[in-house]
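Descriptive analysis of the structure
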Amino acid sequence: MATESTQDIPAAVMPTYGRIPVSFVRGEGSYVYDDTGKRYLDGLTGIAVCGLGHAHPKVAAALAEQASTLLHTSNLYRIPGQERLAVRLTEIAGMDNVFFCNSGAEANEAAIKIARLYGHSRDVDAPAVVVVDNSFHGRTMATLTATGNRKAQAGFEPLLAGFVRAPYDDIPSLEKIAANNKNVVAVLVEPILGEGGIRIPDAGYLDGLRAVCDANDWLLMLDEVQTGNGRTGRYFAYQHTSIVPDVVATAKGLGNGMPIGACLARGVAAEMLVAGTHGSTFGGNFLACAAANVVVDELTEGGLIERAAELGDRMQARFRAALRGNNRVKEIRGVGLMQAVELVEPCTQLIGEAVEQGLLLNVAADSVIRLLPPLTMSDAEADTLVDMVVGLIESLDS
Ligand SMILES: *Cc1c(COP(=O)(O)O)cnc(C)c1O
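Report on the accompanying structure. These numbers come from a predicted model, not from an experiment.

Across its full length, the protein chain carries 12 helices and 15 strands. At 21 Å, the protein chain has a C-alpha radius of gyration in line with the 21 Å of a compact globule built from 398 residues. Over its C-alpha atoms, taken along the principal directions, the protein chain stretches across nearly 60 × 55 × 45 Å. Considering the protein chain as a whole, with its 398 residues, one finds that 55% of them fall into the buried category. Taking as baseline every contact in the protein chain between residues at least 6 positions apart, the subset at least 24 positions apart corresponds to 71%. Split by element, the accessible area of the protein chain, about 17,300 Å² in all, is 53% carbon and sulfur. When the 32 basic and 47 acidic side-chain charges of the protein chain are each reduced to a single mean position, those positions are 1 Å apart.

This is the structure:
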């Protein structure tokens, strides 16, 4: 690899990631560039983060303006940009209020804390949250416990009490839990499993979840950390249906690279967190909200959400045409710009091969090529992305 770093990563960096030995020095739109000037088409956007692409002029301008004015004062004082963002997000989501934090894990932590307060408000002494297999909710102790991946949990025992696990996309299993476990007060679930390999549930799944939650007075809490902010062709993935959850956690794409998370709540769930019960020093600060306000404006008024749907359909049609009859391909699936090609065998080596060819992609669940490209791509860039991935898959056949 021409771009391979000649120096090892310093031992001073904790080795929590198996890093690819390439580093980028700048980005523009759908591309990033390394220090040799080599260009890479970004099919991953920093894991569903830079939905508006790299170095977006309006995001850059808003950040520069805010950075030279005021960065941070804490939540002990009012933050106008945060208030504006709260009003915009709650309107979009059909929610009543929002708590701002700095990451997806923290947004889910807030949701779990809401569920526990809600349980105690109903005199449930040991409130429990139902979570599903193959989910990913973050790396803090509570969100790690909620995550449905034993490998991620190994070594961190004791995990937290108060979680009940069920299979994904399985409403009858929830009905069974409801009949047998009176401690359950909420369900926390991704509308589409992201890290789990872009698994799309049956069309009726969210409606089924809403019905079970309503029948049992459970909170329906959706983890839209990855699916939110236009990624699936709606602002939130649940907006493909007519249901409204009680709690929505989001982060990743909200700040286009500025760290920001949000936990939105509605109805009784919105009444749980009050002064002194939760907080975050950095949460919703001036700088993060300056970026997020541009993101929300561009997604809604700039037409990028519709564009995500259009580009996703285009990519999927092109994949289907190009890969028809390819016996390495198990399934092509996706919603909006969460697109996946699942192969019949593990294919993590494709990540490095793609880098060599100037393409960034990810492989989830060992055999699922996962694409989370910018919502600002041109048609031509989307076609190039598909063609490059098809080329990689075809190279496996030889
Ligand atoms: C990435 C992700 C998280 C964790 O977000 P962090 O910002 O890394 O804490 C939680 N849930 C889902 C669905 C995610 O994709």
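Take helix α4 (residues 104-121) next. Taking 1.5 Å as the rise per residue, α4 with 18 residues should run 26 Å; its terminal C-alpha atoms sit 26 Å apart, in good agreement. For α4, the full list of buried residues reads G104, A105, A107, N108, E109, A110, A111, I112, I114, A115, Y118 and G119. Phi turns positive one or two residues past the end of α4, at D123, with a value near 65 degrees.

Before going further, it helps to spend a moment on the site of the ligand. Close to the ligand lie S103, G104, A105, N108, F136, H137, G138, E190, D223, V225, Q226 and K252. Separating an oxygen atom of the ligand from a backbone N or O atom of A105 is a distance of 2.8 Å. At 2.7 Å from an oxygen atom of the ligand is found a side-chain nitrogen or oxygen belonging to Q226. Looking at which element gives the most residues to the shell around the ligand, the answer is α4, with three residues. Residue composition of the shell around the ligand, grouped by class: three nonpolar, six polar and three charged.

Rules used throughout
Residues numbered from 1 in each chain as written. Predicted model: local features only at pLDDT ≥ 70, side-chain atom pairs only at ≥ 80, totals over all residues. Heavy atoms only, no water. Helix = DSSP H or I, 4+ residues; strand = E, 2+ residues; numbered from the N terminus. Rg over C-alpha atoms; globule rule 2.2 N^0.38 Å. Buried < 20%, exposed > 50% of the residue type's maximum accessible area, 1.4 Å probe, protein only. Contact = heavy atoms within 4.5 Å. Areas by Shrake-Rupley, 256 points an atom, 1.4 Å probe, with all protein chains shown as cover. Lys, Arg positive; Asp, Glu negative; His and termini not counted. Charge placed at Lys NZ, Arg CZ, Asp CG, Glu CD. Expected span 1.5 Å × (residues − 1). Near = heavy atom within 4 Å. Polar contact = N/O pair within 3.5 Å; in protein donor to acceptor, adjacent residues only side chain to side chain. Nonpolar A, V, L, I, M, F, W, Y, C, P; charged D, E, K, R; others polar.

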